[in-house]
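# Observations on chain architecture
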Amino acid sequence: MDFKNKLTIDDIDIRGKHVFVRVDYNVPLDENGIIQDDRRIRATLPTLRKIINDGGLPIIASHLGRPKGKYVSGLSMEPVARRLEQLLGRPVTFLPDSSGEIVLRARKEAQTGDVILLENLRFHKEEERNDPDFAKQLAGYADLYINDAFGACHRAHASISAIQDYVEVAAAGYLLKKEMEMLGKLLVDPEKPFVAIIGGAKISSKIGIIEHLMDKTDKILIGGAMSYTFFKSLGIDVGDSLVEDDKLDVARHILEKAEAHKGIGGRIFLPIDAVVTDDISDKGVRKVVNYEEIPHNMGGVDIGPNTIERYKKEIKGCETIVINGPLGVFEIDQFSRGTREILTAIANHVENGGIGIIGGGDSAAAARKFGLADKMTHVSTGGGASLKLMEGKPLPGIEALTDK
Ligand code: ADP
Ligand code: MG
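No experiment lies behind these values; they were computed from the predicted model shown.

## Observations regarding the overall build of the protein
On a plain count of helices and strands, the protein comes out with 15 helices and 15 strands. In terms of overall dimensions, the protein is globule-like: its C-alpha atoms have a radius of gyration of 23 Å, near the 22 Å expected for 404 residues. Seen through its C-alpha atoms, the protein measures out along the principal axes to roughly 70 × 45 × 35 Å. Expressed as a percentage of its 404 residues, the buried residues of the protein come to 54%. Taking as baseline every contact in the protein between residues at least 6 positions apart, the subset at least 24 positions apart corresponds to 74%. Looking at the protein as shown, the accessible area adds up to about 17100 Å², and 46% of this sits on carbon and sulfur atoms. Across the protein, 53 positive and 60 negative side-chain charges occur, with their mean positions spaced 1 Å apart.

This is the structure:
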């Protein structure tokens, strides 16, 4: 995918224009509809401020949750409108629908300086169906289209994909621009040496990334539960560790291709020791063993101290590090050390002028938990979208943007 050639908000003339802005305001709500975390709203403020300051009129739209094509009061965007109002410091007109007469009227009555937020796009089943007529309607509300919803760019939905067929100009907002610059560089021409650290729960969700990054990276360091599928594929007993038995062949194949053998040599590095427990809870007892000596009644939940040292050594001297997936069950204190230490090493790497990028929702959550997120070069805002991008697959929301 050609990221450099896509039109961005800095390339277009906004003055006097109605701008349809697709954002990702899929924020977590509690039972009472109170927003738990407004990071996604804050992340779009630079784009919205730019449009307003340049004399454009933003008509903002997003999805929220999974209402499956019908109105669900608990998934209304109204609380989001109120929060956006506070964050922007100006009134936001909330419209109780995302299409139809009501939008046309509001658009006509709106004046420069106004901000409009539409109701949840997914209240219309046409949104997720990428319906061309619905997309055409949405496009009709504006002169320009700006996509700032990186977290939704992997979905071929009407407001992400089909809408771009009906607008003259489709450009990336600042949030999407930064993702394209950061992840695009990583995939197209990374500063070498380039190391990827891949962890998380399931090997099945990371096979695509490992395969795609194998040729682009100098090394891949493996952690998380998927280590045990790799070990088992080599005939090593992994006790009660989480294993995907239907992925043993794929795992073995990857190791053969990488010429890795029990973590020694090749391009793929497996852990050399493990933290094991018989109870994945905050009461669980923590024990460190060699990777070949996992007791039959225990499972691996973190990389051990020797692996931490080894991995720190392996990332020394490299230029670019990307991490996708925590190295252990970081949510539980006594199993979080591997993830914390490796993230700290990446933060130090960035402090010393290197590039450190976090992709993956839980990895980002881990970085925030340990107070390290602000120390990274970039923390991707899209779990599924960055996963797909790192698998080398095109994202509908980016592909369709107007070329420069
Ligand atoms: P990301 O969202 O960063 O891509 P994943 O969704 O793939 O990461 O995986 C995150 C989850 O993996 C975390 O909830 C973590 O507890 C879990 N995990 C990591 N290591 C292990 C392990 N050894 N056993 C069980 N779960 C693990
Ligand atoms: Mg995840």
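Following the structure, the description resumes.
## Quick notes on the pattern of salt bridges
Enumeration according to the criterion identifies 26 salt bridges in this entry. One salt bridge connects R42 with D38, and the closest N-O pair in it is separated by 2.8 Å. By relative accessible area, which is 10% here, D38 ends up buried. K393 is paired through a salt bridge with E391; the nearest N and O atoms lie 2.9 Å apart. A relative accessible area of 41% places K393 in the partly exposed class. Under the relative-accessibility criterion, E391 is labelled buried at 18%. Taken together, the shared-partner salt bridges connect E309, K312, R337 and E341 into one network.

## Side note on the site of ligand 1
What surrounds ligand 1 is a group of 19 residues, the closest being K206, G300, E331, D362 and S363. Separating an oxygen atom of ligand 1 from a backbone N or O atom of A201 is a distance of 3.1 Å. G300 places a main-chain nitrogen or oxygen 3.1 Å from a nitrogen atom of ligand 1. Burial of ligand 1 by the surrounding chains reaches 83%, relative to a free accessible area of 580 Å². Mapped by element, the contributors of at least two residues to the shell around ligand 1 are β12 (299-303) and α13 (361-369). At three residues, the largest contribution of residues to the shell around ligand 1 is made by α13.

## So, the pairing of β12
The buried fraction of β12 amounts to five of the five residues, a majority that puts the element mostly inside the structure. Sheet topology places strand β10 (residues 273-277) next to β12; four bridges connect them, and they run antiparallel. Opposite T277, over in β12, you have G299 as the bridge partner.

## Some remarks on the sheet that holds β10
Strand order in the open sheet formed by three strands is β11-β10-β12, and the pairing between neighbours is antiparallel. With one partner strand each, in any of the chains shown, β11 (287-290) and β12 form the two edges of the open sheet. Averaged over neighbouring strand pairs, the angle between their axes works out to 45° when direction is ignored. Taken together, the four bridges between β10 and β11 define a ladder with antiparallel strand orientation. From the neighbouring strand, A274 faces β11, where its bridge partner is V289. Of the strands in this sheet, β10, β11 and β12 are in contact with helix α11 (residues 305-315), which crosses β12 at around 40°.

## Structural notes on the side chain of T47
In this structure, T47 sits in helix α2 (residues 45-53). Its relative accessible area of 1% is what places T47 among the buried residues. Those residues in contact with T47 that sit more than four places away from it in its chain are I9, V21, I146, D148, G173, Y174 and L175.

## Some details on the pairing of β10
β10 sits mainly inside the fold: five of its five residues count as buried. Burial of β10 is two-sided: the residues D273, V275 and T277 facing one way and the residues A274 and V276 facing the other way are all buried.

## Quick look at unusual backbone geometry
Cis geometry is found at the peptide bond from K192 to P193, where omega equals -5°. With respect to the helices and strands, P193 occurs in the loop between α7 (174-188) and β7 (194-198). In the Ramachandran plot, K68 falls in the positive-phi region, its phi being about 60° despite a non-glycine side chain. One can find K68 in the loop between β2 (57-61) and α3 (78-88). Overall, K68 belongs to the exposed group, its relative accessible area being 68%. One non-glycine residue, N130, lies in positive phi territory at about 60°. Mapped onto the elements of the fold, N130 is located in the loop between α5 (125-128) and α6 (132-139).

Definitions and cut-offs
Residues numbered from 1 in each chain as written. Chains lettered and ligands numbered in written order. Predicted model: local features only at pLDDT ≥ 70, side-chain atom pairs only at ≥ 80, totals over all residues. Heavy atoms only, no water. Helix = DSSP H or I, 4+ residues; strand = E, 2+ residues; numbered from the N terminus. Rg over C-alpha atoms; globule rule 2.2 N^0.38 Å. Buried < 20%, exposed > 50% of the residue type's maximum accessible area, 1.4 Å probe, protein only. Contact = heavy atoms within 4.5 Å. Areas by Shrake-Rupley, 256 points an atom, 1.4 Å probe, with all protein chains shown as cover. Lys, Arg positive; Asp, Glu negative; His and termini not counted. Charge placed at Lys NZ, Arg CZ, Asp CG, Glu CD. Salt bridge = Lys/Arg side-chain N within 4 Å of Asp/Glu carboxyl O. Near = heavy atom within 4 Å. Polar contact = N/O pair within 3.5 Å; in protein donor to acceptor, adjacent residues only side chain to side chain. Pairing = 2+ DSSP bridges. Axes fitted to C-alpha atoms, helices over the stretch in contact; angles between N-to-C directions.

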